[in-house]
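Architecture at a glance
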Amino acid sequence: MPASTHAPEPASLHYRPRAPFLDEMFEVDGRPRPVATALVRELERMGPEGLLEAGRRRDSVFMQQGITFETSGESGYSHERPFPLDLVPRVLSGSEWVEIKRGLAQRIRALNHFVDDIYHAREIVREGLVPWRLVAGCPHFARSVHGIRPPGGVYGHVAGCDLVRHSDGSWKVLEDNMRVPSGISYVLENRAAMARLVPGMFASYRVRPVGHYPQLLLSALRSVAPSTQSEATVVVWTPGPANAAYFEHAFLARQMGVELVEASDLVVRDDVLYMRTTRGLDRVHAVYRRLDDDFMDPLEFRPDSMLGVPGLVRAYRAGSVAIANAPGTGVADDKAIYHFVPEMIRFYLGEEPILENVGTFLLSDPEVLEHVLERLDELVVKPTGESGGRGVMIGPHAQEAEIERMRRVVRSDPGRWIAQDVVRLSTVPTVDASGTLQPRHVDLRPFAVFGERIDIVPGGLTRVALREGSMIVNSSQGGGSKDTWVLEDGQDADRAGPPVADTAPPTLPDLRYGAWTGQQQQQQQERIEQQQQEPTA
Amino acid sequence: MMLARIAHELYWLGRNLARAEFTARAVEAVFQAELQGAGEMPSVSFGSGGLLAMLGGDSRPSDGGEALDSLILDAERPGSMLASIERARAGARTVRDVISAEMWEAINTTALGLRGVAHPGWESPSGPHLASQYVKQRMALIWGVADRSMLRDEAKCFLDAGGLIEVSDMVLRMLRVALPGGDTARADRHALILLQAVGGFHAYLRAVTAPPNAHPVARFLLFERAYPDSVAACVDSLHDAFAAADAGPRNSTPVLRVSRLAADLDFQRRALPDGAELAGICEATQQELTRIDQDVSERYFAGAAPAMSRW
């Protein structure tokens, strides 16, 4: 039944978007947006009780499947909690997604050029667009990979940019993640869980699937692997089961059907990387590593690393193995470098950026520093080399004492900090403890795979700040996640006819049902009689 | 030596158990695939319509969701999962003296659990997931109890043989509906659903390096002997079961026929080039399985031809 024939009634969910923030599902007056009409109807049908019940099943399923993360309680013991998935999905129209996708691909291409440039000719520095001091001072800048061009010329095979939606509806890039962006496993598991827990929500939508990500990643890794054989050996390298993201490492290895290795499984002989197997050493062509540069190779980076493989960078330099992401790529996700990405897009690609940055102040400039220190209560201050929301201070939410402390810290070492304008993150209805919907702030982390071309999985990880008014979405700090739907086409959320075009299946033999019946005994009797008659006939 | 009637019941007990499990698997996979839309890939024809054709009975003109529901918990529909479970329970009752008490209890509990629909939210709109999950777990339990508690005698052979022939028949049905040949882009999508339906996704990834597209998946499900639910592996085990149960396997039609089919599959696996069309082989194999079924009832069940009727 098309929903457009009658105007949707004001929701009985008592949901009110909170001005001045943009709510992605409801208009300011509380009516659902056209794209969300069917979803809102289903949410009304389920009601708070239905949502709570589905939530209980979600928690038990996640616990059983081990989709958990560890938090340390007040007692100091860490305990497992089910991954916090909110049951209200976030819906993006197809046209919106096209814009995001193009913007991301552009950005990732530019960042890849930048990394290549920084470790080779440094043209962007010579042009005076990016100060060398900033690049060289970046903690993830790796001198030891200078002059190495990885197979295929790709540095950031896996990238995830954090996007936010401003109250005027525009998308902005908040951060680039070019080292080891994590969270893709939750995108896939969230979708699988949603389809099982609340299939009714999908009924009126055609949602683009996300499940092909592991195959995309595998073929990208194979495409950059320096292998003359038809099938390159690819491995996923994990720091070990103690790592917080171990679930994701194992998930990706299993989904790709490749080995999950630890440092003790790997060995370099004559500049070639091998893994130890029951049948001797087996050559490895491509490594998807899930640990930082620092720990990769004790001969080149931190000498005290117990997680590294000695000689790996030499093998990489010799071109016998592809490493994803390439060592030294982390320079591209430094928060000070972030400021220059729009310039990079113009410089390397000759294009205008499709996705904008959030206004950023580099504090190494004394004038800017003074200006920023004046208005610290209106800005967000972030350390440049950190991730996961650590050390971030949001001015408007901070206490006066906190701001004063931050002022002193920043002044003592301004190069380690940046300041950004406060972004009014959009909200999406989220189920609270009583089963009712409340506006909560969200961001979006789409995942891109760069092999022969750039592929971006429709949607991505939507992270949601579960506390009222909070804008910190990191899961380590009480954030949750949402399933992110990218619809098949932009405007029309309702299905035009059945999506399933059944072709006529081949004619199959009927199912048989065994039954020991009188009829068969009759047949048996007749057969015996027949046999008895035969000699006489 | 055992009663023909008992052998017949055990054989069909095995068949009904396996059929219930694979019905549940197929329905859940198709439900999930239809739910999540066609996406950037071509649309799905391994859908509810294909499933109804696969599991027989009247294709009632209803929308996909209802059709799938009726394939799970509609006891009136002979091809439904619940009907298979009920037949298995009825069959198990008649051989309570042959199977262990533990096994009877496992089967009976399954039927009672489904009948009562004890768990809230089993029925629509939450989809077939819960019921399907329950049946998969119960089947693992039932076969596990059978393997650990039954004597490795003729009775166990017939039970196993029924399970094996049904698994190969169901896998062939799914293969034929999902991958009817031609139109590779569409078939590639089906191949993934099919693998998930059978539960062989992980095994496939470990056994085959190629991405799960139509041809390699069809080959895997037909020929891969290392994968227990592939047709070739089932036929091999079927041969072992009949050879062990038969008094004179050297001149027993079912044994000889199964052994020829196993050799055929092995020959085709080696002789066929990659990418060769497999639809014909699937059809021929399924027909051969039907003949084996008839031979089995001729030879062991005193000529009780399998009823073609509803029950």
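Conventions and cut-offs
Residues numbered from 1 in each chain as written. Chains lettered and ligands numbered in written order. Predicted model: local features only at pLDDT ≥ 70, side-chain atom pairs only at ≥ 80, totals over all residues. Helix = DSSP H or I, 4+ residues; strand = E, 2+ residues; numbered from the N terminus. Buried ≥ 20, exposed ≤ 12 C-beta atoms within 10 Å, placed from the backbone. Contact = placed C-beta atoms within 7 Å. Axes fitted to C-alpha atoms, helices over the stretch in contact; angles between N-to-C directions. Left-handed = near helix turned anticlockwise from the far one by under 90°. Nonpolar A, V, L, I, M, F, W, Y, C, P; charged D, E, K, R; others polar. Parallel < 35°, antiparallel > 145°, perpendicular 65-115°, else oblique. Core = buried A, V, L, I, M, F, W, Y, C linked by C-beta atoms within 7 Å. Pairing = 2+ DSSP bridges. Right-handed = clockwise from strand over helix to strand, strands pointing away. Expected span 1.5 Å × (residues − 1). pLDDT = per-residue confidence, 0-100.

**Some points on the overall build of chain A**
Per the secondary structure count, chain A includes 14 helices and 23 strands. When burial is assessed residue by residue, chain A has 45% of its 537 residues classed as buried. Taking contacts inside chain A between residues at least 6 apart in sequence as the whole, the part at least 24 apart equals 69%.

**Overview of the overall build of chain B**
Looking only at helices and strands, one finds 13 helices and zero strands in chain B. Sorting the 311 residues of chain B into buried and exposed places 56% on the buried side. Within chain B, contacts between residues at least 6 apart in sequence are counted, and of these 66% link residues at least 24 apart.

**Digging into the packing of helix α1 (residues 4-35) of chain B against helix α7 (residues 154-178) of chain B**
Residues and elements named next belong to chain B. At a minimum axis distance of 7 Å, the contact between α1 and α7 shows a crossing angle of 35°. α7 is crossed by α1, and the crossing has right-handed handedness. Every residue of α7 that contacts α1 at Ala7, Leu10, Tyr11, Trp12, Leu13, Gly14, Arg15, Leu17, Ala18, Arg19, Phe22 and Ala26 is listed here: Ala155, Phe158, Leu159, Asp160, Ala161, Gly162, Gly163, Ile165, Glu166, Val167, Met170 and Met174. The class makeup of the residues in the contact of α1 with α7 is 17 nonpolar, three polar and four charged.

**So, the packing of helix α7 (residues 213-224) of chain A against helix α8 (residues 246-256) of chain A**
Relative orientation and spacing of two packed helices are given, respectively, by the angle between their axes and the distance between those axes. All names here are of chain A. Where α7 contacts α8, the axes come no closer than 9 Å and their chain directions differ by 80°. It follows that α7 is roughly perpendicular to α8 by the angle criterion. Residues Pro214, Leu217 and Leu218 of α7 touch α8, and the partners they reach there are Leu252, Gln255 and Met256. Considered class by class, the residues forming the contact of α7 with α8 number five nonpolar, one polar and no charged.

**A look at the environment of Gly162 of chain B**
Residues and elements named next belong to chain B. By secondary structure assignment, the location of Gly162 is in helix α7. With 41 residues separating them in the primary sequence, Gly162 and Ala203 have C-alpha atoms 24 Å apart. Apart from residues lying up to four places away in sequence, Gly162 is in contact with Leu10, Tyr11, Trp12, Leu13, Gly14 and Arg15.

**Things to note about the nonpolar core**
One recurring pattern in soluble globular proteins: nonpolar side chains tend to sit buried together. In terms of nonpolar packing, the biggest core is built from 244 residues, with Leu221 and Ala286 of chain A together with Val30, Met174 and Leu194 of chain B touching the most fellow members. Among the elements that line this core, the one with the most residues is α1 of chain B, at 17 residues. Ignoring any residue separated from it by four or fewer positions in sequence, one finds Val30 of chain B in contact with Phe46, Gly47, Ser48, Leu51, Leu68 and Ile193 of chain B.

**Topic: unusual backbone geometry**
Residue and element names in this part refer to chain A. Residue Asn325 is bonded to the preceding Ala324 through a cis peptide linkage, with omega at -15°. For Asn325, the location among the structural elements is in the loop between β12 (322-324) and α10 (335-338). Phi at Asp270 takes a positive value of approximately 50°, unusual for a residue other than glycine. Along the chain, the position of Asp270 falls in the loop between β8 (266-269) and β9 (272-277).

**Side note on the pairing of strand β11 (residues 286-289) of chain A**
All names here are of chain A. Side-chain alternation along β11 places Ala286 and Tyr288 on one buried face and Val287 and Arg289 on a second face that is also buried. Bridge count for strand β6 (residues 234-237) against β11 is four bridges, and the pairing is parallel. Paired with Val236 across the bridge in β11 is Tyr288. Judged from the three bridges that link them, β11 and β12 form a sheet pairing that is parallel. Each residue of the ladder has a partner; that of Val287, found in β12, is Ile323. Read from β11 through helix α9 (residues 312-317) to β12, the crossover connection turns out right-handed.

**Focus: the sheet that holds β11 of chain A**
Residues and elements named next belong to chain A. Ordered in space as β7-β6-β11-β12, the four strands form an open sheet in which the pairing is parallel. Single-partner strands in this sheet number two, and they are β7 (259-261) and β12. Taking each pair of neighbouring strands and ignoring which way they run, the sheet shows an average axis angle of 25°. Running over the sheet, α8 touches β6 and β7 and is turned about 150° from β7.

**Focus on α1 of chain B**
With 32 residues, α1 of chain B should reach 46 Å at 1.5 Å per residue; the first-to-last C-alpha distance of 46 Å fits that figure. Judged by how many residues are buried, α1 of chain B sits mostly within the fold: 29 of 32 residues are covered.

**Regarding the sheet that holds β9 of chain A**
Residues and elements named next belong to chain A. Here three strands make up an open sheet; going across it, the order is β8-β9-β10 and the pairing antiparallel. Since the sheet does not close on itself, it has two edges, and those belong to β8 and β10 (280-283), each with one partner. Strand-to-strand twist of the sheet, defined as the mean angle between neighbouring strand axes without regard to direction, takes the value 45°. Summarising the sheet, β8 and β9 pair through four bridges and their orientation is antiparallel.

**A short note on the confidence of the model for chain A**
Residue and element names in this part refer to chain A. Residues with a pLDDT of 70 or more make up 87% of chain A, whose mean pLDDT is 85. Note on residues 1-11: pLDDT under 50 across the span, and 14 contacts to partners over four residues away in sequence or across chains. Contacts of residues 490-502 to residues separated by more than four positions or lying in other chains number 33 contacts, the stretch itself having pLDDT below 50.

**So, the confidence of the model for chain B**
All names here are of chain B. Counting all residues, the mean pLDDT for chain B is 85, and 86% of those residues have values of 70 or more. Within chain B, helix α11 (residues 231-245) carries the highest mean pLDDT (96), whereas helix α3 (residues 64-73) carries the lowest (72). Note on residues 38-44: pLDDT is under 50 here. Beyond four places in sequence and across chains, it has 19 contacts. Taken as a whole, residues 307-311 scores under 50 in pLDDT and shows eleven contacts with residues more than four places along the chain or in a different chain. Predicted complex metrics record ipTM = 0.81 and pTM = 0.85.

**Considerations on the pairing of strand β23 (residues 479-486) of chain A**
Residues and elements named next belong to chain A. In terms of burial, β23 is largely enclosed, as eight of its eight residues are buried. When strand β3 (residues 85-92) meets β23, the two strands line up parallel, connected through five bridges. Within the sheet, the bridge partner assigned to Asp86 lies in β23 and is Lys482. Bridge count between strand β22 (residues 461-465) and β23: four bridges; the pairing is antiparallel. Bridging across to β23, Val464 finds its partner in Gly480.

**Observations concerning the environment of Phe301 of chain B**
Mapped onto the elements of the fold, Phe301 of chain B is located in the segment after α13 (279-299). Along the chain, Phe301 of chain B and Glu21 of chain B lie 280 residues apart, while their C-alpha atoms are 25 Å from each other.

**A look at the environment of Phe201 of chain B**
All names here are of chain B. Residue placement: Phe201 occurs in helix α9 (residues 201-207). Here Phe201 falls in the partly exposed class, since 18 other C-beta atoms lie within 10 Å of it. As for Phe201 and Ile292, which are separated by 91 residues in sequence, their C-alpha atoms are 29 Å apart.

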